[in-house]
Amino acid sequence: MKAPPGYEKKFADFIKLCSEAKAKGANQVTVAYPWVLGDNFEELVESLSRLADAGLLLNIAARKDWPGQN
């Protein structure tokens, strides 16, 4: 499956997070919001696939910690 057009640029920070975590021997990453993984199904699947390829687990901050949820 090819990455959605523009994915690498749009999600450069997420790609860097995964790369750095793997390089440091981490086994998981934490994101503050679920929407950092993608704005649509294709982007979400690509992000989850990259996590799986890197052998990383995913944590997402609790909804109570999101902006506008307090």
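No experiment lies behind these values; they were computed from the predicted model shown.

### Points about the nonpolar core
So, step 1. In this structure, Tyr7, Phe11, Phe14, Cys18, Ala21, Val29, Val31, Leu37, Leu51, Ala54 and Leu56 together form the largest nonpolar core, which totals eleven residues.
So, step 2. Among the secondary structure elements, those contributing two or more residues to this core are helix H2 (12-23) and strand E1 (28-31).
So, step 3. At three residues, the largest contribution of residues to this core is made by H2.

### So, the pairing of strand E2 (residues 57-60)
So, step 1. As paired strands, E1 and E2 are joined by four bridges and run parallel to one another. The residue bridging valine 31 from the neighbouring strand is isoleucine 60, located in E2.
So, step 2. For the crossover from E1 across helix H3 (residues 41-53) to E2, the handedness is right-handed.

### Some points on the packing of aromatic side chains
So, step 1. Scanning the model with the defined rule gives two aromatic pairs in all.
So, step 2. Centroid distance tyrosine 7 to phenylalanine 11: 4.8 Å. Interplanar angle 25°. Geometry classified as stacked. Here tyrosine 7 matches phenylalanine 11 in class, with each residue buried.
So, step 3. Ring centres of tyrosine 33 and tryptophan 35 lie 4.7 Å apart, and the angle between their planes is 0°; on these two criteria the pair is classed as stacked.
So, step 4. Under the relative-accessibility criterion, tyrosine 33 is labelled partly exposed at 24%.

### Comments concerning the pattern of salt bridges
Two side chains that carry opposite charge are able to pair once their charged atoms sit near each other.
So, step 1. Under the definition given, this model contains five salt bridges.
So, step 2. Of the charged contacts in the structure, one is a salt bridge between arginine 50 and glutamate 8, with a shortest N-O distance of 2.9 Å. Taken as a pair, arginine 50 in helix H3 and glutamate 8 in helix H1 (residues 7-10) lie far apart in primary sequence, 42 residues in all.
So, step 3. Taking relative accessible area as the criterion, arginine 50 reaches 23% and is therefore assigned partly exposed.
So, step 4. In this structure, glutamate 20 and lysine 16 form a salt bridge, with 3.9 Å as the shortest nitrogen-oxygen distance. With glutamate 20 and lysine 16 both in helix H2, this residue pair falls four residues apart, about one helical turn.
So, step 5. Sharing partners across several salt bridges, the network here consists of Glu8, Glu46 and Arg50.

### Observations concerning H3
Given 3.6 residues per helical turn, the α-helix brings residues three or four places apart onto the same face.
So, step 1. Under the 1.5 Å per step criterion, the end-to-end length of H3 is 18 Å for 13 residues, consistent within 8% with the ideal 18 Å.
So, step 2. Turning to H3, its buried residues are Glu43, Glu46, Ser47 and Leu51. Taken around the axis of H3, the buried residues stretch over an arc of 135°, which confines them to a single face. For H3, the exposed residues set more than 90 degrees away from the buried face come down to Phe41, Ala52 and Asp53.
So, step 3. Elements that come into contact with the buried residues of H3 comprise H1, H2, E1 and E2.
So, step 4. The backbone nitrogen of glutamate 42 lies 3.2 Å from a side-chain oxygen of the residue at the head of H3, namely asparagine 40.

Cut-off values and rules
Residues numbered from 1 in each chain as written. Predicted model: local features only at pLDDT ≥ 70, side-chain atom pairs only at ≥ 80, totals over all residues. Heavy atoms only, no water. Core = buried A, V, L, I, M, F, W, Y, C linked by side-chain atoms within 4.5 Å. Buried < 20%, exposed > 50% of the residue type's maximum accessible area, 1.4 Å probe, protein only. Helix = DSSP H or I, 4+ residues; strand = E, 2+ residues; numbered from the N terminus. Pairing = 2+ DSSP bridges. Right-handed = clockwise from strand over helix to strand, strands pointing away. Phe/Tyr/Trp six-rings, centres within 6.5 Å; stacked < 30°, edge-to-face > 60°. Salt bridge = Lys/Arg side-chain N within 4 Å of Asp/Glu carboxyl O. Expected span 1.5 Å × (residues − 1). Arc of directions from axis to C-beta. Contact = heavy atoms within 4.5 Å. Polar contact = N/O pair within 3.5 Å; in protein donor to acceptor, adjacent residues only side chain to side chain.

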